[in-house]
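# Structural overview for review
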Amino acid sequence: MADPEIDNINSNQNDGDNIFVTTMDHPGTESVASNVYETPNGTRYWTPIVPHGVKPFLKARFNTIEQAIAMYEAYAQLAGFGTRLGTSKKVKIGNEIITTRRYVLCSRAPVNKHKHKETNPDDIDSTSPSRRSNVKVTDCKACVKFRRIKKSTDYEIYGFVEQHNHGFTSPENLDLSLKRRKLDFSTQEFIAKCRNANLGPTKSHKLHVAIKGGHHNVHGTVVDYKNCGRDIRDFIGDRDAQMIIDKFKARSENRVNYSFDTHIDDMELQLIFWCDGVSKLNYEAFGDVLAFDATYDMIFVPFTGVDHHKKCTIFGAGLLHNETIESYTWLLQKFLQAHNGKQPLLILTDQDCAMKQAVANIKGNDKRNAEIKKKFHKLVWNVYIKPETFEKRWHLLIAEYGLQEHSWLTEMYLIREQWIPGYFREIPMCTLMKTTSRCESANHLFKSNSSPHNTLVQFMLCYDTSVDGLRNDQRELSHQTDTTNPEYKTKWPIERHANAIYTRKVFFDVQKEIVKGKENSYIAERSILDGVNCFVIAHQDQTSEVLNEFKVTFNKEDLSVTCKCMGFTRNGYLCRHVFCVLGHHNIHKIPSQYIHPRWRRDAIPSSVYSIDNRLSIDQSSSGRLWRNILENLEMCRDRVRGKIDKLEELDAEVQALKDRIFAEVPYDPEINKKDVVYQEILSHAIPEALSCTAPKKIRNKGCGKHKRQVGAREIAIKKFKKKRRKCSVCGKRVRKHDKRNCPTKKGKPTKDDSSTEEVEEEEDDDDSEYDEEDDNGTDGEGDETGNDGEGDETGTNVEDNDSDG
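No experiment lies behind these values; they were computed from the predicted model shown.

### What to know about the overall build of the protein
Regarding its fold elements, the protein presents 24 helices and 21 strands. For the protein, the proportion of its 805 residues judged to be buried stands at 43%. On the protein, roughly 45,400 Å² of surface is accessible, and the fraction owed to carbon and sulfur atoms is 50%.

### A look at the nonpolar core
Core analysis: the biggest nonpolar cluster contains 39 residues, and Trp274, Phe300 and Tyr463 have the highest contact counts within it. Secondary-structure elements contributing two or more residues to this core are helix 4 (185–196), helix 6 (222–236), helix 7 (240–254), strand 10 (268–275), strand 13 (312–320), helix 14 (437–448), helix 15 (456–483) and helix 22 (674–682). The greatest single-element share of this core, amounting to eight residues, is contributed by helix 15. What tyrosine 463 contacts, discounting residues up to four positions off in sequence, is Trp274, Phe300, Ile314, Gly316, Ala317 and Phe446.

### Quick notes on the packing of aromatic side chains
By the definition in use, this model includes 23 aromatic pairs. Residues phenylalanine 273 and phenylalanine 335 carry aromatic rings whose centres are separated by 6.2 Å and whose planes lie at 80° to one another, so their mutual orientation is edge-to-face. In this pair, phenylalanine 273 is assigned in strand 10 and phenylalanine 335 in helix 9 (residues 325–338), connecting sequence segments 62 residues apart. With respect to burial, phenylalanine 273 and phenylalanine 335 carry one shared label: buried. Ring centres of phenylalanine 568 and tyrosine 594 lie 5.4 Å apart, and the angle between their planes is 90°; on these two criteria the pair is classed as edge-to-face.

### Focus: the pairing of strand 5 (residues 83–93)
Along any regular strand, the residues point their side chains to alternate faces of the sheet. Here strand 5 runs beside strand 6 (residues 96–106); their pairing, made up of nine bridges, is antiparallel. Within strand 6, the position partnered with threonine 83 by the bridge is cysteine 106. Between the antiparallel neighbours strand 5 and strand 6 lie two residues, among them glycine 94 with a positive phi of about 70°.

### What about the sheet that holds strand 16 (residues 532–540)?
Spatial strand order, 15-16-17-18: four strands in an open sheet with antiparallel pairing. A strand with exactly one partner marks an edge of an open sheet, and here the two such strands are strand 15 (521–529) and strand 18 (560–563). Going from strand to strand, the sheet's axes swing by 20° on average, the running direction of each strand aside.

### Concerning the pattern of salt bridges
One pass over the structure, following the stated rule, counts 23 salt bridges. Salt-bridge contacts for arginine 496 lead to glutamate 495; the nearest nitrogen and oxygen are separated by 3.8 Å. We classify arginine 496 as partly exposed; its relative accessible area is 35%. Taking relative accessible area as the criterion, glutamate 495 reaches 0% and is therefore assigned buried. Across the salt bridge formed by glutamate 649 and lysine 646, the nearest N and O atoms sit 3.6 Å from each other. Placement of the pair is glutamate 649 and lysine 646 together in helix 21 (residues 644–664), with a separation of three residues, close to one helical turn. Looking at lysine 646, the relative accessible area reads 40%, which means it is partly exposed. Residues joined in a network through salt bridges with shared partners are Lys59, Arg147 and Glu156.

### Points about the environment of glutamine 480
Relative to the helices and strands, glutamine 480 resides in helix 15. Linking glutamine 480 and threonine 503, residues 23 residues apart in sequence, is a C-alpha distance of 9.2 Å.

### Focus: the confidence of the model for the protein
Here the protein averages 79 in pLDDT, while 79% of its residues score no lower than 70. Across residues 4–31 the pLDDT falls below 50, and counting only partners more than four positions away or on other chains, this stretch makes 64 contacts in the model.

### Focus: the sheet that holds strand 5
Strand order in the open sheet formed by five strands is 4-8-7-6-5, with antiparallel pairing between adjacent strands. Both outer strands of the open sheet, strand 4 (61–62) and strand 5, are each paired with one neighbouring strand and no more. Against the sheet, helix 2 (residues 65–79) makes contact with strand 4, strand 5, strand 6, strand 7 (143–148) and strand 8 (155–161), and its axis sits at roughly 165° relative to strand 7, the strand it touches most.

### What to know about a nonpolar patch on the surface
A surface patch of nonpolar side chains, about 410 Å² in accessible area, is lined by Trp626, Ile629, Leu630, Leu633 and Val654. Counting residues per element, the nonpolar patch draws most heavily on helix 20 (residues 621–640), at four residues. The topology assignment puts valine 654 in helix 21. Its relative accessible area of 39% is what places valine 654 among the partly exposed residues.

### Quick look at the environment of isoleucine 299
For isoleucine 299, the position within the fold is in strand 12 (residues 299–306). The exposure class assigned to isoleucine 299 is buried, which follows from its relative accessible area of 0%. Along the primary structure isoleucine 299 and glycine 318 are separated by 19 residues, whereas in three dimensions their C-alpha atoms are 8.1 Å apart.

### Some thoughts on helix 17 (residues 504–519)
The end-to-end C-alpha distance of helix 17, which contains 16 residues, comes to 22 Å, matching closely the 22 Å that a straight helix rising 1.5 Å per residue would cover. Three or more residues of helix 17 are buried, namely Arg504, Val506, Phe507, Val510, Gln511, Glu513, Ile514, Val515, Lys516 and Gly517. Of the surrounding elements, those touching the buried residues of helix 17 are helix 15, helix 16 (493–501), strand 15 and helix 19 (576–584).

### Regarding a positive patch on the surface
Together, Lys374, Lys378, Lys392 and Arg393 line one region of the surface with positive charge. Tracing the sequence through the fold places lysine 392 in helix 12 (residues 387–400). For lysine 392, a relative accessible area of 60% translates into the label exposed.

### Re the side chain of threonine 490
As for its position among the elements, threonine 490 is in the loop between helix 15 and helix 16. Judged by its relative accessible area of 7%, threonine 490 falls in the buried class. Side-chain polar atoms of threonine 490 contact the backbone nitrogen of tryptophan 492, separated by 3.3 Å. Discounting chain neighbours no more than four positions away, the residues touching threonine 490 are Glu495, Arg496, Ile514, Val515 and Lys518.

### Brief notes about the side chain of glutamate 268
Inspection of the secondary structure assignment puts glutamate 268 in strand 10. A relative accessible area of 19% means that glutamate 268 is categorised as buried. Here the side chain of glutamate 268 touches glutamine 270 through a polar contact of 2.7 Å, side chain to side chain. Once residues within four sequence positions are removed from consideration, glutamate 268 is found in contact with His263, His321, Thr693, Ala694, Pro695 and Lys696.

### Observations concerning the pairing of strand 14 (residues 346–349)
Covered by surrounding structure in strand 14 are Leu346 and Leu348 together with Ile347 and Thr349, the residues of both alternating faces. Pairing of strand 11 (residues 289–292) with strand 14, which is carried by three bridges, proceeds in the parallel orientation. Across the sheet, residue valine 289 finds its bridge partner in strand 14, namely leucine 346.

### Here we look at the packing of helix 20 against helix 21
Contact geometry for helix 20 and helix 21: axes closest at 9 Å, N-to-C directions at 155°. One finds that helix 20 runs roughly antiparallel with respect to helix 21. Pair helix 20 / helix 21 crosses with right-handed handedness. Touching Leu633, Cys636, Arg637 and Val640 of helix 20 are Lys646, Leu647, Leu650 and Val654, all from helix 21.

Rules used in this analysis
- Residues numbered from 1 in each chain as written.
- Predicted model: local features only at pLDDT ≥ 70, side-chain atom pairs only at ≥ 80, totals over all residues.
- Heavy atoms only, no water.
- Helix = DSSP H or I, 4+ residues; strand = E, 2+ residues; numbered from the N terminus.
- Buried < 20%, exposed > 50% of the residue type's maximum accessible area, 1.4 Å probe, protein only.
- Areas by Shrake-Rupley, 256 points an atom, 1.4 Å probe, with all protein chains shown as cover.
- Core = buried A, V, L, I, M, F, W, Y, C linked by side-chain atoms within 4.5 Å.
- Contact = heavy atoms within 4.5 Å.
- Phe/Tyr/Trp six-rings, centres within 6.5 Å; stacked < 30°, edge-to-face > 60°.
- Pairing = 2+ DSSP bridges.
- Axes fitted to C-alpha atoms, helices over the stretch in contact; angles between N-to-C directions.
- Salt bridge = Lys/Arg side-chain N within 4 Å of Asp/Glu carboxyl O.
- pLDDT = per-residue confidence, 0-100.
- Patch = residues over 30% accessible without salt bridge, like charges linked within 9 Å, V, L, I, M, F, W, Y side chains within 5 Å.
- Expected span 1.5 Å × (residues − 1).
- Lys, Arg positive; Asp, Glu negative; His and termini not counted.
- Charge placed at Lys NZ, Arg CZ, Asp CG, Glu CD.
- Polar contact = N/O pair within 3.5 Å; in protein donor to acceptor, adjacent residues only side chain to side chain.
- Parallel < 35°, antiparallel > 145°, perpendicular 65-115°, else oblique.
- Left-handed = near helix turned anticlockwise from the far one by under 90°.

Pasting the structure below:
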C-alpha cells in the first residue's frame, strides 16, 4: 500500500519539493472542492476539502467496526469518491469470529496487486476473460486502516492516506456512484412487486422515479433494475419447481381447505393442480357451468365460471407439461376430487380433441356473405327453437345458398349436439356461457399480469395477484349492491322485491323482463284446465307487432308457474311472459321456488373477502407492521401538507428516529446477502433438497413456427453459391440436378447454371419448394398462449352432463 510520493506529501504537503497547483471548487467535472498537488515528476494528487469534523484522523476510536466503516463512507460521500472493502483479518475467540483489522479503499484502487503489473502477453490466458467494469481503476492509494485495540472491544484508525490520484465526482453526479447505485432491500422489493404486476425493469424505474420525485432520489439505474431481475431468476434457477411445491405444501398446512396435487415423472414436474378454499366456495355456488382453456408455455389451464354478478370467477387452476388426453384427464380428475366430486351441468371447451376426449372420460355419462352470416347467426343462437326445428331450417339455408359442399359447415353440423343452444334448452343455465370467451377473458387477465419469461415461482406470484384482483372486483360489486339502490321503472312491488334479493347486475336483467312483461306482453287467451290457469301470452316488439306467442300455466295455490319459452331453466330467473301473468294476479313477490340461489346477494359468505383469504398479501407480523408504518407516515404527510413549519418538524423527528435506530441497530451483512433478501422478497425458502425440476419448454398446439420467413431470392442465391457437380448423363457441370433427375431423361434441354436466366428460373422453382417446407416444418417454439384472440362462437364444444350438481 505504500507509495513514496504519497508518503512524501503526507509528511509535508507545503515543502519545496511538492508544488501546490490550485484549489478546485466545482470546476465542471472536477467536482468537490479539493487541493491539487503536483510532484516533481509531474504526477498530480487531489486532496478533498471537507469540514474538519468529518475528516478521519489517526487514533480516532469507534465502538464497532461497522461504525468505523460508516464514518469513512460518509466522509467519502461528502468528498466525492466511492469506497470498497479491502483486506481484513479475523480471529476466532470462543464461538465468536472477531475482525481485528480492516482496510477500506477508494473504489479506484486495484482489485489485486497483480492486476496492473507488467506481464508477458504470452502468459495471458485468453480463455479466462476478465470481468468488464465501469469503474476506472487508477491504482489509487487512498485508504483508511482500522484495527481492534488490545484489551478492548473498540477500534481505532492506525493508517490514513488522504490523497487521491484522480479527480472527484461532482455533487450533481454523486447519485451515480457505485455506493448510491447499490439497491437496498426496499428497492429490490419494489422491483419484484412491479414484476408481479407485469411491469418490467424499465417501467419500474420510471415509476419509482415519479414516486420519489426525480432520478437523483432513486437508488440504481435502469441497468441495475434489469440486473436485479436477472439475479432473482438466477437465484430461483433449478429450484423453481421445488419452491412451488414447498409453497403449496405450506399453504395446505396453514390455510383452510387448500388443495393441490402433482405428478412427477423422472424428477420432472409434469402436472400440477391447485385450488384454495375461496375457489371451492365459488364452485359450490356457481359451478353449474364450467369453461376451461389452455395458455402459456408450461400450459396454464384456469377453470373459469360466472359468479352472481355475471363476472368471471376462478374455480381452480393447473399447469400441464403437454396437451394430451392423459394430461387433461388427470387434471379434470383432480379438479373433481378437490370439489368433492361435484360435476358441472355444462363444460365448455374449444375444439381441441384432447380436451373433448378428456371431458368424455371424466363425465361418467361482402353483401352476400354478410347476409349469410346474419341468417346463420339468427338460426344458430336462437334459444327458443327445438332441435328438429333447427335441423329443418339449417337444411333450408344450406340449400338456399348452395353450401352443400362447404366442408367446414358440414363438419360443424355433424357435431351440432355439442354447440347449438337448442340442444341444451332443457339444461339449467345453458345460456350462461355459450362460448369460451370467458376463458379468453380470464386468459387475457393472467397474460396481462404475467410474462412468458417468468419462472414458475414468479408466475405463481402473478397468479395470486390476478386472482386477488378478480375477488376484489367481486367484493366491490357486492358492496355496491348492498349500499345503493337502482332506479325503478314500474310501480309493481315485485320489482322492489327483485332488487332486495338479486345482485345489481342480475336485477337489471330481471327488471328488463318485468318491464317487457308489463309493456310489451299481454294475455291473448285464457283457460282453466284441471284447476290450473292456462294463458297464451302475446309477445310484441316496439311497434306493437306480435312476434310470438307462448303458453304459460299458473297455479294460485302453490304459485307454481311454467312457460313454453323455458326462460327460468335457461337463465335462472323468470321470463317476461310469467311476469305478465304474475302482474295480472297481483303477485307482489317472486315465488321462493323461482329464486335461484346462484343469483342471490348472499350466494357466498362475506368471509371470503377477509384479509386472511387474500393470496398476494404478506400476512406476516413484519408485513403488517410495515404497512402500518407507511400508512401512518402518509397520514402525517397529508395532515401537515401545506404547513412548512410542521413539515420541517416532521422531517426532524423522523431524522432523529433514524439516527437513534442506526445507533442501536448495527448494520448486519448477513441479512443483506442476496440469498436472504430474495428469499424474503419471493416468500420462498431455499429448498433443502430437490425432488423435481421444472419441465423443459414445449410447443403449444397452434403456436406457430416463430421462424423468419426466407424469401425465394435468398434461397436461390444460397443455392447458386453451391459447388457445381458434373452430371454423368448430360455431361455438364450443374448445381440443380444430377444423373437421377437430369432433364435429358425426359427429352428436355439443360441450361448452363451460370447464366442469369438459370438463376431466375431457380428462383421460380424454389418458390414451391419453400412453400412446401413452410407447410411441413415443425420447428419453432410455443407462443405465450397457443390460442390468440376471442373464441369463435361456432367453434365451441359444449359437453352435457346430466348428473345432479
